[in-house]
Amino acid sequence: MNTSSNTQTVAFVLPAYNEEKDLPALLERIKTKMENQPFRYHVVVVDDGSKDRTSEIAIQAASEMPVRLIRHQVNRGLGGAMQTGLSAAMKDADFIVTMDSDNSHDPIYVADMVRHLNERPDCDLVIASRYQKGSEIKGLAYSRQLLSYACFFTMKLLVPFENVRDYSTGFRCYRASVLHRVAEHYDGSLIEESGFVCQLELLLKMRAIRSKAAEIPYVLRYDLKEGASKLRIWRTVKRYFAVLFKHRHRASEATVRGLQSRQPARA
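Residues numbered from 1 in each chain as written. Predicted model: local features only at pLDDT ≥ 70, side-chain atom pairs only at ≥ 80, totals over all residues. Heavy atoms only, no water.

(A) The arrangement of unusual backbone geometry in detail. Even without glycine at this site, Asp187 takes up a positive phi of about 55°. Tracing the chain through its elements places Asp187 in the loop between helix H6 (176-185) and helix H7 (198-208). For Asp187, a relative accessible area of 76% gives the class exposed. One non-glycine residue, Arg210, adopts positive backbone phi at about 65°. With a relative accessible area of 73%, Arg210 lands in the exposed category. (Helix = DSSP H or I, 4+ residues; strand = E, 2+ residues; numbered from the N terminus. Buried < 20%, exposed > 50% of the residue type's maximum accessible area, 1.4 Å probe, protein only.)

Written out as structure tokens, the structure reads:
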């Protein structure tokens, strides 16, 4: 990994499905706010089988900023788009930033996330968290906020991850090396889930290999989002619990195997 900030590369991974309304504004914000930063950057847009102008918008943006477009011919879900984007970005980046393509995440926080990772060599991930002092949520329905808080308390109780409060946000900055470690540990697979729960899945996989994380506060701007939400709430809740218990079971099995391996051989 490059240690000098002006030789480091940050890759933005933007999974996009029918985001013609919001993607142009987000790409413009990235272009504007990444100017004069002490690192290089590029953007990987994964068009996950969109039926609108998402791909065309990414191609147009590539004439003004470093954008690479990857297309899925059919929709594979957020998890599939994340797997494709992260796998591509891991090849030539020091840090990988994932963001929602609906313009609700502000890239102004990225410089702080990268700075935090450079100052903390032991830290593998920085999360832009809705649950840190100073955070704010604008434009999100109260029912969705209650669901998010329920998720937070459940995950914190059942799968505590030191310094992590926001388990489901997609606004994160990963050290590329930790994603390589996750892929190696899980036979090349970063993400197996297809839906929104992929964010929790990847976090639990990082927890399993004892990665370290930190959070920063930010302002979530749902009021800037023009496109319709693609979240199916109750389906997502069911998958959250399925993934949660799957990884708890894996952890239990690993503990048992570790204890058995330390048992003295019988005569």
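(B) Molecular detail of the nonpolar core. Ranked by size, the top nonpolar core spans 38 residues in total, and within it Phe12, Leu14, Leu27, Ile30, Val43, Val45 and Phe171 carry the most contacts. When near neighbours in sequence (up to four residues on either side) are disregarded, Phe12 contacts Ile30, Met34, Tyr41, His42, Val43, Val44, Val97, Met99, Pro107 and Val110. Judged by nonpolar contacts, the second largest core, of 36 residues, contains Ala11, Ala93, Val159 and Ala176. (Core = buried A, V, L, I, M, F, W, Y, C linked by side-chain atoms within 4.5 Å. Contact = heavy atoms within 4.5 Å.)

(C) Layout of the sheet that holds strand S5 (residues 125-129). With respect to topology, seven strands assemble into an open sheet ordered S3-S2-S1-S4-S7-S5-S8, the strand pairing being mixed. In the strand order of this sheet, the two ends are held by strand S3 (67-72) and strand S8 (213-217), each with one partner. Averaged over all neighbouring strand pairs, the angle between strand axes comes to 20°, with direction disregarded. One ladder, built from eight bridges, connects strand S1 (residues 9-16) with strand S2 (residues 40-48); its direction is parallel. Residue pairing in the sheet places Val13 in a bridge with Val44 of S2. Contacts between helix H1 (residues 23-33) and the sheet are confined to S1, S2 and S3, with S2 contributing the most and set at about 170° to the helix. Sitting on the sheet, H7 is in contact with S5 and strand S7 (172-175), with an inclination near 35° to S7. (Pairing = 2+ DSSP bridges. Axes fitted to C-alpha atoms, helices over the stretch in contact; angles between N-to-C directions.)

(D) Molecular detail of H1. Residues of H1 that are buried: Leu23, Leu26, Leu27, Arg29 and Ile30. Down the axis of H1, the smallest arc covering the buried residues is 160°, so these residues share one side. If you follow the buried residues of H1, they end up packed against S1, S2, helix H2 (54-61) and S3. (Arc of directions from axis to C-beta.)

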